[in-house]
Every structure is written in structure tokens, then in C-alpha cells.
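# An overview of the molecular structure
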Amino acid sequence: MNIQRVSDTLGRLKAPAFRLEQLRRAVFRETSASYEEISVLPVSLRQALGQAGPLLSVSAQAVLVSGTQRAHKASLKLCDGQEVETVLLRPSPTRWTTCISCQVGCAIGCTFCATGLMGFSRHLTPEEITDQVLFWRQYMKQRGLEGRLDNVVYMGMGEPFACYDNVSESLKILMDQRQFAVGARHISVSTSGLVPQIERFGKDFPQVNLAVSLHAADDELRDRLVPINRAYPLARLGKALRTYLRSSSRKVFLEYVLLRGENDRPEDAERLIQYVKSLGPLELLHVNLILFNQTETRHGACSEESARVFHKRLRNADIRATVRQNLGRDIQGACGQLIAQAKH
Ligand code: SAH
Ligand code: SF4
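Rules used in this analysis
- Counting restarts for each chain, with residues numbered from 1 along the sequence as it is written.
- Chains carry letters and ligands carry numbers; both start at the beginning, A for chains and 1 for ligands, and go up in the order they are written.
- Per-residue local features of the predicted model are confined to residues with pLDDT of at least 70, and side-chain atom pairs are confined, for both listing and counting, to 80 or more; whole-chain, interface and lining totals are unaffected and use all residues.
- For side-chain calculations, the full set of non-hydrogen atoms in the structure is used, while hydrogens and water are omitted.
- Each residue gets one of three labels from its accessible area relative to the maximum for its type: buried under 20%, exposed over 50%, partly exposed in between, using a 1.4 Å probe on protein chains only.
- Counting from the N terminus, the helices are the DSSP runs of H or I reaching at least four residues and the strands are the DSSP runs of E reaching at least two.
- The arc in question is the one spanned by the directions pointing from the helix axis to the C-beta atoms.
- Note on contacts: a residue pair qualifies if any of its non-hydrogen atoms lie within 4.5 Å across the two residues.
- In this document the domain limits rely on a domain assignment from an automatic tool or a database.
- A simple way to read buried area is as the amount of 1.4 Å-probe accessible surface that goes missing from two parts once joined, with both sides added.
- When a carboxyl oxygen of Asp or Glu lies within 4 Å of a side-chain nitrogen of Lys or Arg, that pair is called a salt bridge.
- Any N or O atom pair separated by 3.5 Å or less is treated as a polar contact, with the protein-specific requirement of one donor-capable and one acceptor-capable atom, and with residues adjacent in sequence counted only for side-chain atom pairs.
- Definition of nearness: a residue and a molecule or strand are near each other if at least one heavy atom of the residue lies within 4 Å of the molecule or strand.
- Note on areas: Shrake-Rupley, 1.4 Å probe, and residue coverage restricted to the protein chains presented here.
- Space inside and on the surface of the protein is sampled on a 1 Å grid over the protein atoms alone, with a cavity defined as a set of points where a 1.4 Å probe fits but cannot get out and a pocket as an open set with protein on both sides within 12 Å along at least 5 of 7 lines; lining residues have an atom within 4 Å of a point.
- To qualify as sitting in a cavity or pocket, a molecule needs more than half of its atoms within 2 Å of the grid points.
- Amino acids are sorted into nonpolar (Ala, Val, Leu, Ile, Met, Phe, Trp, Tyr, Cys and Pro), charged (Asp, Glu, Lys and Arg) and polar (every other residue, Gly among them).

### As for helix α7 (residues 195-204)
The complete set of buried residues in α7 reads Val195, Gln197, Ile198, Phe201 and Gly202. Down the axis of α7, the buried side of the element spans an arc of 155°, and every buried residue falls inside it. Taken together, the buried residues of α7 touch α6 (164-175), β8 (187-191), β9 (209-213) and α9 (234-248).

Written as C-alpha cells, this is what we have:
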């Protein structure tokens, strides 16, 4: 929902100010799915709002639910007919998280990522980004799924810092108390390492969690896996992260997808340990080891046993680390598996 458009429509119709409040309450607290449903508003207002545009800028083409019921993936159609995917996750019985997309495709081209393979089509607007959260809240209400959705991760399709302005606007909308009211600490933005935007983000959103997709701690390998490394190599990234840690004192999450025979060897663990130690206080750094989710690429997953050994090496070096649970693999909804169905 574009609150500015709604407010302009109400202004044009000379509706009293409390109408906007009623509408906000209906959409963001009671999770009404359409203007017609908002019965506290006069019919004429509901019709005028409907004519100005639908409440949700996205519409579900298909929803898949994983066998565990802990991951739901939707393909959403945008107003120009393109599609993006978005995921609703239940990492624990009482917690819901959504993994949202910010671009159709992605231009960064990480070699192991399905989104990267499809190339880049366009940025999502702030409304399209935040409407994914609204979509899932409505979905949960319709399905009678209990609990509240108030964790958001920008880890779907696209590179958030390649569309910084739209993502920045969407963050403001999500955190706005009169709209989504999601706490800054419940939001994480994941980047492949665009240094100038990391610096901006540290100043603009010091309370929002930052995750950096590292995947390799030597330039030669990272150049190949995460091509943005050629523009912003590890030393530059490290400098930006040190500054970020000093000024925000917030934890930084480093993501590391374990690829068999490529970055999962003892020497890779050692390089990672040295790199992490060069960044700042270890209590402010957390490595998320991700098991590779199958994509149509040349990469292979390391075994769970190798992941455990790699994990142990980090822990023995006093590095905080976890092996991330992969929800939604059976519906191609896990990290790096999202694509636009229409192009599949
Ligand atoms: N573009 C951003 C955020 C989206 S990707 C970024 O790259 O950080 C979210 C996470 O999934 C990133 O850490 C990404 O590297 C990881 N990922 C991509 N493909 C994957 C795959 N096939 N298996 C596991 N993780 C993957
Ligand atoms: Fe883009 Fe992230 Fe996929 Fe890399 S991992 S191609 S940055 S979406």
C-alpha cells in the first residue's frame, strides 16, 4: 500500500483527517485485505480508494507450503507482469520471519545463486518491497496461522544495496509506528559487499542488522564466487566493516555458504578466522555457515559432517558461529533458490 497515494486521494475528496487513521488501523492492525472490507469507511471513500489503485500492489500467482509447514513460498505478480518470490518462515513455534525480495533478478551474478543466474530485470519500488510483508500478514490471517510476523530479512531476490534508495525508503515504512511498526532490531539487510552503501547504511540505519555475504576470505576465490569483490576487494570491505563496527557497536553477521572442495577446506577456515579477527571485537561478529542449497550450477554441497568440522574450527578460534538451518528446500524456497517462476 502506498500511504502517500491513499492520503492524496483522501485529501482530494476532502475527507477528515481521522479517516486516514481509520484506514491505517484497518490495514496495519486489523490486516484488512481490501478497501471494500474496511466497513468503518463510507462506501464512496472505499470506491474512490479502489479506483486509485489496489490496496496491495502485488498479487499471488502461487503459494507452496513445505512438508514441515515451516516455510511458505509465494510467487507474486507485479503491476508490469513480472514476478518475484518471497518466503514466510517459522524458525521456531512462536516466531515468524519473512524473507523479502528487492529486485527482479540480480546483477551481481554470484555463481552459486539461482537469482544471480537469471540476470537483472529491475528494482522493486518501496511499495512492492513492503507489500510482501503485508501480503504475508494477510495470508497468515486468512489461514489462521497464529503469532505475529514481525521479523523481516532482506535475503530474497536481489542485492539490497544496489537499490539503496528504494530499500532505504522501504525500511522507513516498515519501521514507521503508524504503518508496519517492525522494530529496527527485527530487520536484517544482507549485502554481497557494496562498500559505499555499507558506509551509508551504518549512518542511516545504525539499529538495523547488517549481514555481509562473505563466502571466501581470499580475493582470488571471492573474485570468482562473488564478482562484486573485483570492485570492492576484501581489504576495502574489511575497512568499511571496521568503521561500521566502531560507529554502530552493532553485531555484524557474516554469511558463508559452504561449497564442497572450494571454500570448505581447513585452509579456508584458517583464512576466514584471520579475516574475522582483523575486523574488530569478536563479540560483535557472528559467522552464519550456510549449507549450499542445490541450484542449477556447477557447485556442490559439503557434507553435514564437513560443516560440523568447519564450524568447530571457528569455535575453537573463539569465533561465534552457527550452521544455519535451511527451511524450505523442498519448495525451492531456501537461500539462493528464489527465481521468478514465469521465467523458470
Ligand atoms: N543479495 C544479498 C541477499 C540475498 S541472498 C546477498 O547476497 O547477501 C541471501 C543469502 O543466500 C546470501 O548470503 C547468499 O550468498 C546466500 N545464497 C545464495 N545462493 C545460495 C545457495 N545456493 N545456497 C545457500 N545460500 C545461498
Ligand atoms: Fe545477487 Fe545475493 Fe544472489 Fe549474489 S547471492 S547473485 S548478490 S541475490
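### A closer look at the domain arrangement of the protein chain
Assigned domains of the protein chain: these are domain 1 (3-52) and domain 2 (59-331). On a C-alpha basis, the centroid separation for the pair domain 1 and domain 2 is 34 Å. Taking both sides of the interface into account, the surface hidden between domain 1 and domain 2 amounts to around 970 Å²; carbon and sulfur atoms contribute 46%. It is Phe28, Arg29 and Thr31 that lose the most area in domain 1 upon contact with domain 2, and together they represent 53% of the buried surface on that side. Counting across the domain 1 and domain 2 interface gives one salt bridge. A salt bridge links Arg5 to Glu127, with the nearest nitrogen and oxygen atoms 3.7 Å apart. Along the contact surface separating domain 1 from domain 2 lie four residue pairs in polar contact (both at pLDDT 80 or more). The set of elements that each furnish at least two residues to the side of domain 1 that touches domain 2 consists of α1 (3-12) and α2 (18-29). Take the side of domain 1 that touches domain 2: its biggest share by element is four residues, from α2.

### Looking at the site of ligand 1
Contacts to ligand 1 come from 21 residues, most closely from Gly158, Ser190, Ser213, His215 and Asn293. Contacts to ligand 1 include Ser213, whose side-chain N or O atom sits 2.6 Å from an oxygen atom. Coverage of ligand 1 by the protein amounts to 96% of the 530 Å² it exposes when considered alone. Judged by the fraction of its atoms near the pocket grid, ligand 1 is located in the largest cavity. Put simply, the parts of the chain that give the shell around ligand 1 at least two residues each are β8, β10 (252-258) and β11 (285-291). Its residues placed into classes, the shell around ligand 1 shows nine nonpolar, ten polar and two charged.

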